[in-house]
Amino acid sequence: MVLNSLDKMIQLQKNTANIRNICVLAHVDHGKTTLADCLISSNGIISSRLAGKLRYMDSREDEQIRGITMKSSAISLHYATGNEEYLINLIDSPGHVDFSSEVSTAVRICDGCIIVVDAVEGICPQTQAVLRQAWLENIRPVLVINKIDRLIVELKFTPQEAYSHLKNILEQINALTGTLFTSKVLEERAERETESQVNLNSEQGEQVYDWSTGLEDTDDSHLYFSPEQGNVVFTSAIDGWGFGIEHFAKIYSQKIGIKKEVLLKTLWGDYYINMKAKKIMKVDQAKGKKPLFVQLILENIWSLYDAVLKRDKEKIDKIVTSLGLKIGAREARHSDPKVQINAICSQWLPISHAVLAMVCQKLPSPLDITAERVEKLMCTGSQTFDSLPPETQALKAGLSLKKKLPRDVSVQDKGTQRSLQQHRHRYPWSPPRMGVHLTQVQREKSQEVPLGFSAPPDDLPPVPHMAYCTLENLYLLMGRELEELEEVPPGNVLGIGGLQDFVLKSATLCSLPSCPPFIPLNFEATPIVRVAVEPKHPSEMPQLVKGMKLLNQADPCVQILIQETGEHVLVTAGEVHLQRCLDDLKERFAKIHISVSEPIIPFRETITKPPKVDMVNEEIGKQQKVAVIHQTKEDQSKVPEGVQVDSDGLITMTTPNKLAMLSVRAMPLPEEVTQILEENSDLIRSMEQLTSSLNEGKDTQMINQKTQEKILEFKGKLEHHLTGRKWRNTVDQIWSFGPRKCGPNILVNKSEDFQNSVWPGPAGKASKEASRYRDLGNSIVSGFQLATLSGPMCEEPLMGVCFVLEKWDLSKFEEQETSDKQNQEQSDLVKGGQGEVKTYSGRDENQEQQDDCPEPFEKRTAQKGDSPLTDCYGPFSGQLIATMKEACRYALQVKPQRLMAAMYTCDIMATGDVLGRVYAVLSKREGRVLQEEMKEGTDMFIIKAVLPVAESFGFADEIRKRTSGLASPQLVFSHWEIIPSDPFWVPTTEEEYLHFGEKADCENQARKYMNAVRKRKGLYVEEKIVEHAEKQRTLSKNK
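Residues numbered from 1 in each chain as written. Predicted model: local features only at pLDDT ≥ 70, side-chain atom pairs only at ≥ 80, totals over all residues. Heavy atoms only, no water.

An unreviewed UniProt entry lists the protein under the name Elongation factor-like 1, from Microcebus murinus.

In structure tokens form, the structure reads like this:
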């Protein structure tokens, strides 16, 4: 096909009905970029001979070296069929799990997607992930089963075996789609039930058990992949051929004389043809009849491969002549059979025609965007579409996309994340597709009315993160190139220049103030790998800061932090992602030499129930108890004076000025509760905002029904899991969550004097005492937040701990307050006649405070009204914070402490002969195998394991080296897991002394991790420089 001019593309952009915005999704190495090459070569942009070798969409050097895609890149293609001409905006996305954020951005921009599956490997973990992402974004998928040539050349399948194998793959992917569909229908049904629960009386009992209601009524036939529906294509991208059954139905309807419609329904499935009767009948496998798909399609392809691979020149000539093809002399004489196959098949079954025809017929245009998807995009958080303002709801109808994109458009920094394409620092977004209302308002106040606004920006509602901006450049994305455009009609994918000062990672652009920011993206990978970065030459620090800012803009998944220590920290999704970010920082953004620290491994600290067996698995008896008591006595001697410790772990502390006393106990939370708290962190955050607005006396009518239901459901879940005598009424008494007020730890207030609760609504309204001591209560909460942010073991955040404030005695403080008020009144009377003595008394007060300050409150200045805030120990609220923090830390230290490690789930595909080596690498790195199963029809095993993040660095390289590249792992962050060993353990019983020796110097995993973190943070590490002096070797012996 001839290369199209820019004018042609601009003309095609105007016909929105014939635009297709699609992305290619698949597991790593399943052939996405090769397929994209084949489609690009059909437009004459690259030579068809280079398709699959050039990897045109991998424009970065490291992508070419590693052989994987790392950044999504877009290109516009032209496809003509009959009288219709289509513009296809194709986005090639990465398959590696570290770059799944790129997939999320690509999926948001598109209306449809091509799912590519390797015919040999079948459904892989990332295939499931991308299908789920497409499903969550409500975009329609079509299926390409690629690498069919491997079934012939590598696995040496017969056509019949290949048919069974392909059928198996289709069943698996349809089962996956069915699972997603079922969960969606059941969710919708559950929502409908909760809405209509009020009206349910006697019918309720029947409905509870009939869980499949709604599934039978909902039509799901269009969701599944089936060749007869035309949404499946079989291809070999490297050999340049592909077909849908429609192509063969057309040919055979003329040859055999059976209607095309009948053949379309029977070419895939267990049907065979009775040539005598010219009828198609159901296959009876026992009689050895071949299905039509095998007989009419696969056998022809197999015989072609067989002839070329065996170099049967006569047979090849016969096939070429019968198909009416012309093969060049160069290809016919070529020594590589692949060249001949490519030359014949690319003419006989051109892959670009098969795939693009399916895309144009089966995937929707931007005009066909579903109402459900529009509503979902516009409803952030727990909002429903009906709760949006009327002018916002009216925008839904405006998605008819009739207008053109104006140049003056504003931006809202929060909401939809668009792929910030790094190429020349441009940003390929598709705001005009989502309607022309792109969003919002001016930073600098001026009276001019922006285009599309009905009022000056001053009168707009005060929504945070708003900025008014002008678009500088619009670009057509052509893979490695950018073409500048004057205007872009709605419905197209485009690049926008000039937004770098307004947009951090994500934005919703709109010309009307009423458009809400679109919902955030669903990211599959969690950023977990962090490193500290610094310039080699300190003078280059400004360039590093600027470079990190650009990197943060350019990558949707990366996080940039500046720690309290002043370190610049880069948080990434995995090792490969980290390497790419560092390369970008060095070569493109900062352009300086940088030093990178060892990976900073995140840990969590927690406590557990006292163990029932010792380290040699013997039940703890009297002998052990005696030893433990000695040990705890030693521990108690470390606790400073003034801190009382009860036998059950209750810590009682007083503030430095002896006016308030706190009693705190730490308890481990059940695992399920910790998980619930982690899952509902966003809800906890919104509850916190609601409670603070209640305390400030604001109107809370804005809280909608759905949020209230969610809060009640969350509370119900907690009550369900926190049962038993020690957890009685705990849920109602929860005062705060932490750290950062939304973490997986809770503070419970069991003090009778002061009642406060985190739950909004009537139950959580403050009493008189609460309002009186609210500031002091906030100090207690702040102390709890500080304690949960850095635990006593190695200053890492806590997880799964419940702190119970048993008692809070403020009686002395109240006495002091009343006496202080009286003193204040007397001093006011005295000061009435002695203004000049003021300076002297202030100086005298300072001198006395520098001494022992025996009577701090009597000599305290009263600059802040009548609240007793300061004495020689500092403000009273500050003393409460410090005391609460220390009490929480001591309460933790009297319980059995444990470290929690971040864990990856690890999916490894390996052949049977290297399984032993895979297991060896896993066990060396503290991994644990969960399951191992053989993939049907292949010699591949799928191993599922968990591996600590701390042990994962270099894991992929090591496993490839040990297995000669036959096993490739895929690591995804999964959960936090308690390391069972006690970091402070020492042998106490006779059996333990016998087993571990007096020094117990075998490696303790938890202690090793703890000391490593303490060393990195500059904390004290208890270790002996010379441990076994008698074993030292002298220099003379070394000679």
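Trainee: Mind showing me how you'd approach the packing of aromatic side chains here?
Mentor: Here a ring pair, both rings aromatic, is described through the centre-centre distance and the interplanar angle of the planes. Enumeration according to the criterion identifies 17 aromatic pairs in this entry. Centre to centre, the rings of phenylalanine 243 and phenylalanine 293 are 6.3 Å apart; their planes meet at 40°, and the pair counts as tilted. Taken together, the residues span a long stretch of sequence, with phenylalanine 243 in strand S7 (residues 241-243) and phenylalanine 293 in helix H11 (residues 292-309) at a distance of 50 residues. For the pair phenylalanine 243 and phenylalanine 293, one class covers both residues: buried. A centroid spacing of 6.2 Å and a plane angle of 40° characterise the contact between phenylalanine 714 and phenylalanine 737, whose relative ring orientation is tilted. Remark: phenylalanine 737 occurs in strand S25 (residues 734-738) and phenylalanine 714 occurs in helix H23 (residues 705-721); sequence separation between them is 23 residues. Considered together, phenylalanine 714 and phenylalanine 737 belong to a single accessibility category, that of buried residues. Clustering of aromatic rings is evident, with ring pairs tying together Tyr163, Phe234, Trp241, Phe243, Phe248, Tyr252, Trp268, Phe293, Tyr305 and Trp348. (Phe/Tyr/Trp six-rings, centres within 6.5 Å; stacked < 30°, edge-to-face > 60°. Helix = DSSP H or I, 4+ residues; strand = E, 2+ residues; numbered from the N terminus. Buried < 20%, exposed > 50% of the residue type's maximum accessible area, 1.4 Å probe, protein only.)

Trainee: Hey, could you run me through the state of the cysteines in this one?
Mentor: Any covalent bond linking the sulfur atoms of two cysteines counts as a disulfide. This structure, assessed with the given rule, holds 0 disulfides. Here cysteine 113 stays free of any disulfide, with the sulfur of cysteine 23 as its closest cysteine sulfur at 5.2 Å. Since its relative accessible area comes to 0%, cysteine 113 is described here as buried. Cysteine 581 takes part in no disulfide bond, and the closest cysteine sulfur to it belongs to cysteine 557, at a distance of 8.6 Å. Cysteine 581 gets classed as buried once you look at its relative accessible area, which sits at 0%. (Disulfide = S-S within 2.5 Å.)

Trainee: Could you clarify how one ought to interpret the pattern of salt bridges in this entry?
Mentor: Side-chain pairs of opposite charge can arise whenever the charged atoms involved come near each other. The final tally for this structure, using the stated rule, is 36 salt bridges. We note a salt bridge from arginine 960 to aspartate 957, for which the minimum N-O separation is 3.7 Å. With arginine 960 and aspartate 957 both in helix H30 (residues 955-962) and 3 residues apart, this pair spans about one turn of that helix. Judged by relative accessible area, arginine 960 falls into the partly exposed class, the value being 36%. Given the relative accessible area of 46%, aspartate 957 is considered partly exposed. Among the ionic contacts, a cluster of salt bridges with common partners joins Arg60, Asp62, Asp555, Arg580, Asp584 and Arg588. (Salt bridge = Lys/Arg side-chain N within 4 Å of Asp/Glu carboxyl O.)

Trainee: Help me understand the environment of glycine 738 in this model?
Mentor: Position of glycine 738 among the secondary structure elements: in strand S25. Each C-alpha atom, one on glycine 738 and one on leucine 789, is 7.6 Å from the other, the two residues being 51 residues apart in sequence. Apart from residues no more than four positions distant in its own chain, glycine 738 is found in contact with Gly743, Pro744, Asn745, Phe784, Gln785 and Thr788. (Contact = heavy atoms within 4.5 Å.)

Trainee: In this structure, what is going on with the sheet that holds S25? I would like to understand it.
Mentor: The pairing of strands in a sheet comes from backbone hydrogen bonds and takes either a parallel or an antiparallel form. Strand order in this open sheet of 6 strands is S22-S23-S24-S27-S26-S25, and the pairing throughout is mixed. Two strands close off the open sheet at either side, each with one partner strand: strand S22 (644-645) and S25. Where S22 and strand S23 (residues 651-654) come together, 2 bridges link them in antiparallel fashion. Bridge pairing links glutamine 644 to threonine 652 in S23. (Pairing = 2+ DSSP bridges.)

Trainee: Teacher, can you tell me more about helix H32 (residues 1005-1017) here?
Mentor: Every α-helix carries 3.6 residues per turn, so stepping three or four residues along brings you back to the same face. Counted at 1.5 Å a residue, the expected span for H32 with its 13 residues is 18 Å, and the 19 Å between its end C-alpha atoms agrees. Listed in full, the buried residues belonging to H32 are Gln1005, Ala1006, Tyr1009, Met1010, Asn1011, Val1013 and Arg1014. In this structure asparagine 1004 caps H32, since a side-chain oxygen of it lies 3.1 Å from the backbone nitrogen of alanine 1006. After H32 finishes, the residue glycine 1018 shows a positive phi value of roughly 75°. (Expected span 1.5 Å × (residues − 1). Polar contact = N/O pair within 3.5 Å; in protein donor to acceptor, adjacent residues only side chain to side chain.)

Trainee: Is there a simple way to think about the packing of H11 against helix H12 (residues 313-323) in this case?
Mentor: Between two packed helices, what matters for the description is the angle formed by their axes and the separation of those axes. Between H11 and H12, the shortest axis-to-axis distance is 8 Å and the interhelical angle comes to 140°. The angle between H11 and H12 places the two elements in the oblique class. Between H11 and H12 the crossing geometry is left-handed. For the pair H11 and H12, the contacting residues are Ser303, Leu304, Asp306, Ala307 and Val308 in the first and Lys315, Ile316 and Ile319 in the second. Looking at side-chain class alone, the contact of H11 with H12 contains 5 nonpolar, 1 polar and 2 charged residues. (Axes fitted to C-alpha atoms, helices over the stretch in contact; angles between N-to-C directions. Parallel < 35°, antiparallel > 145°, perpendicular 65-115°, else oblique. Left-handed = near helix turned anticlockwise from the far one by under 90°. Nonpolar A, V, L, I, M, F, W, Y, C, P; charged D, E, K, R; others polar.)

Trainee: Got a minute to help me understand the pairing of strand S13 (residues 473-478) in this structure?
Mentor: Put simply, side chains in a regular strand alternate between the two faces of the sheet. Across the 6 residues that make up S13, a large majority, 6, are buried. Side chains of S13 alternate between two faces, with Asn473, Tyr475 and Leu477 and Leu474, Leu476 and Met478 buried alike. Direction of pairing for S13 relative to strand S15 (residues 494-497): antiparallel, over a ladder of 3 bridges. Bridge pairing links leucine 474 to isoleucine 496 in S15. Sheet topology places S13 next to strand S14 (residues 481-485); 5 bridges connect them, and they run antiparallel. Opposite leucine 476, over in S14, you have glutamate 483 as the bridge partner. Between S13 and S14, which follow one another and run antiparallel, lie 2 residues, and glycine 479 among them has a positive phi close to 70°.

Trainee: Looking at this structure, I do not really get the sheet that holds strand S19 (residues 568-572). What am I missing?
Mentor: With antiparallel pairing, 4 strands are arranged side by side in an open sheet as S18-S19-S17-S20. Edge positions in the sheet fall to strand S18 (559-562) and strand S20 (594-596), since each of these pairs with one other strand and no more. Between one strand axis and the next, the sheet turns through 30° on average, direction left out of account. Where strand S17 (residues 529-535) meets S20, 3 bridges bridge the pair, whose relative direction is antiparallel. Residue valine 533 lies in a different strand from S20, and its bridge partner there is valine 596. Running at roughly 25° to S19, helix H18 (residues 541-554) makes contact with S17, S18, S19 and S20 of the sheet. Against the sheet, helix H19 (residues 575-589) touches S17, S19 and S20, its axis set at about 135° to S19.

Trainee: Please explain the environment of threonine 654 as it appears in this structure.
Mentor: Relative to the assigned elements, threonine 654 resides in strand S23. Separated by 10 residues in sequence, threonine 654 and glutamine 644 place their C-alpha atoms 9.6 Å apart. Setting aside residues no more than four positions away along its own chain, threonine 654 makes contact with Gly642, Ala660, Met661 and Thr883.

Trainee: I would appreciate a short explanation of the side chain of glutamine 553 in the present structure.
Mentor: Within the fold, glutamine 553 resides in helix H18. Relative accessible area serves as the criterion here: at 6%, glutamine 553 is assigned to the buried category.

Trainee: Please explain the side chain of threonine 127 as it appears in this structure.
Mentor: Turning to its location among the elements, threonine 127 is positioned in helix H5 (residues 125-136). For threonine 127, a relative accessible area of 1% translates into the label buried. Aside from chain neighbours lying at most four places away, what touches threonine 127 is His27, His30, Ile115, Val117 and Gly122.

Trainee: Help me understand unusual backbone geometry, please; the structure alone is not making it clear to me.
Mentor: Comment: phi is negative for the bulk of residues other than glycine, and the bulk of peptide bonds are trans. Put simply, glycine 738 and proline 739 share a cis peptide bond, and its omega is 0°. Relative to the helices and strands, proline 739 resides in the loop between S25 and strand S26 (745-749). Located in the positive-phi region is arginine 55, a residue other than glycine, with phi close to 50°.

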